[in-house]
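Observations on the model geometry
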Amino acid sequence: MIIPRHVLGRGFIAPSDKLQIAGVGTGGKAEVNLPYAYNAGSDQIAALCDVDDRMSVNARKKWPDAPYYKDYRIMLEKENKHIDAVIVTTPDHMHASIALAAMQLGKHVYVEKPLTHDIYEARMLTEAAKKYKVVTQMGNQGSSGDDIRLIDTWINEGVLGDVFKVHVWTNRPTWPQGIPTPTGQFDVPKELDWNLWLGTAPQRDFNPAYLPAIWRGWVDFGCGALGDMGCHFIDVPYRALKLGYPTSVETSIGSVYKGFFQELNITDGFPPSSKTYVRFPQRGNLVPVEMVWYDGGIRPERPAELLPDEPMGENSGGIIFEGTKGKLMAGIFGKNATLLPTKRMDEVTLSKSKYPFVEGGSEGHQQQWVKACKKGYGTYTSSDFANAGPLTETVLMGNLAVRSYQYFETDAKGKAIFPGRKELLWNGEKMEITNFAPGNQFVKRTYRSY
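Residues numbered from 1 in each chain as written. Predicted model: local features only at pLDDT ≥ 70, side-chain atom pairs only at ≥ 80, totals over all residues. Heavy atoms only, no water.

Remark: helix H4 (residues 95–104) packs on helix H5 (residues 119–132), axes separated minimally by 10 Å, with the N-to-C direction vectors making an angle of 10°. Regarding the angle of H4 to H5, the classification is roughly parallel. Our pair here, H4 against H5, has a crossing hand that is left-handed. Along its contact with H4, which presents Ala 96, Ala 99, Leu 100, Met 103 and Gln 104, the element H5 presents Glu 121, Met 124, Leu 125, Ala 128, Ala 129 and Tyr 132. Residue composition of the contact of H4 with H5, by class: 9 nonpolar, 1 polar and 1 charged. (Axes fitted to C-alpha atoms, helices over the stretch in contact; angles between N-to-C directions. Helix = DSSP H or I, 4+ residues; strand = E, 2+ residues; numbered from the N terminus. Parallel < 35°, antiparallel > 145°, perpendicular 65-115°, else oblique. Left-handed = near helix turned anticlockwise from the far one by under 90°. Contact = heavy atoms within 4.5 Å. Nonpolar A, V, L, I, M, F, W, Y, C, P; charged D, E, K, R; others polar.)

Spelled out as structure tokens, the structure:
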């Protein structure tokens, strides 16, 4: 018997009107992504998957009717007919393989930032989104905020003139990084499937030092400080300045010593800090841009226009645009955008955003994707893979430079030499370093069979 919807009461949402969502990864940031997508029941969490039962406790309590799996491949096989979309909230090294498997089944995907672990994967997912015609979104929620749209408007109206330099910095890493590879023998917790957790990464013995979020600092699993915050901060200038592919990248990193004049060269982990120059060419009428990234607590020189007691950025980092007509400073997601000197904010009439705001702003990021999934491929989302893919490639250029910087060979006397410590010239179309062949091994990794 079909019951008219009005009989069931106002606000009732028919099951057929709900997006059926699977969550791969249920702890950490998933405890934000899944509830926002679920939206108090306007949509449905139809399946859950996590390699670690300890991480899934809260999600399984909240959605007890959702079938639970440890292996995403089995989940996709068993639940294919019962799900419309997949949210991927796992360590970075598994983003691409899970997202691609879902897209190949015609499922819409929401993938946490950074979109992928390496540059090749970012290009692959960008192309896959078009091929399989699915709605996509990366989890850089600031891209749905009001502030990024205001900055984009002001810069493209010429408030700063020609922007030629951008400084971007973060306080990350806020986890141990630049440390020796962990050692020791440990039993794998009974709740954890270590083989599935490793997934595509090289084989390593279990060590609790890789969990829970400390995996970010190891090159096999995470993308360091850039992976954590780059997609949030760099997204702002990347969009406003229409940056595209860079032409070169150069970095230097913080040194680590185990004793007096005994430097450690840690190649399987990211450094405690780095400073990276990413250079972009002329883009139509837009002048070349140099973007400088700082992490590990390193900050750019304080602008002369900023008074001594005025705050520079915020605790988590900041952004400073330099143009021929002035400077602009902002925090994460482009928040608190301020012309410099700050008194200019009272002297200049700034336009309202020429871009529509997203309902709910940053907190509406997941629901924007959900609603787009219901409307179908081609519906606007703030960070679809056509935008998120190229952005991720640029973010990961910093890691490409870091790993090339760490790369070493030995000379005839057994002394380490570091041939990658130079400006790396980049062919964006081909995804290739043209003047340092060994660095290209970091563009695309080899997956482990598991």
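This part takes up the pattern of salt bridges. Applying the stated criterion to the full structure yields 21 salt bridges. In this structure, Arg 445 and Glu 121 form a salt bridge, with 2.9 Å as the shortest nitrogen-oxygen distance. Of this pair, Arg 445 sits in the segment after strand S19 (432–433) while Glu 121 sits in helix H5, placing them 324 residues apart in sequence. We note that Arg 445, like Glu 121, is buried. (Salt bridge = Lys/Arg side-chain N within 4 Å of Asp/Glu carboxyl O. Buried < 20%, exposed > 50% of the residue type's maximum accessible area, 1.4 Å probe, protein only.)

Spatial ordering of the open sheet is given by S3-S2-S1-S4-S5-S6, a layout of 6 strands whose pairing is parallel. Lying at the two open borders of the sheet, with one neighbouring strand each, are strand S3 (68–69) and strand S6 (136–138). Pairing of strand S1 (residues 20–24) with strand S2 (residues 44–49) involves 5 bridges; the strand directions are parallel. By the bridge assignment, Ala 22 is partnered in S2 with Ala 47. Its contacts with the sheet put helix H1 (residues 30–38) on S1, S2, strand S4 (85–88) and strand S5 (108–111), and the angle it makes with S2 is roughly 155°. Across the sheet, helix H11 (residues 385–406) is in contact with S5 and S6; its angle to S6 comes to roughly 35°. (Pairing = 2+ DSSP bridges.)

This part is about the packing of H5 against H11. It is at 8 Å that the axes of H5 and H11 come closest, and there the two elements cross at 175°. In terms of their interaxial angle, H5 and H11 are classed as roughly antiparallel. Of the residues in H11, those in contact with Ile 119, Ala 122, Arg 123, Leu 125, Thr 126 and Ala 129 of H5 are Phe 385, Ala 386, Gly 389, Pro 390, Thr 392, Glu 393, Leu 396, Met 397 and Leu 400. For the contact of H5 with H11, the residue count by class is 10 nonpolar, 3 polar and 2 charged.

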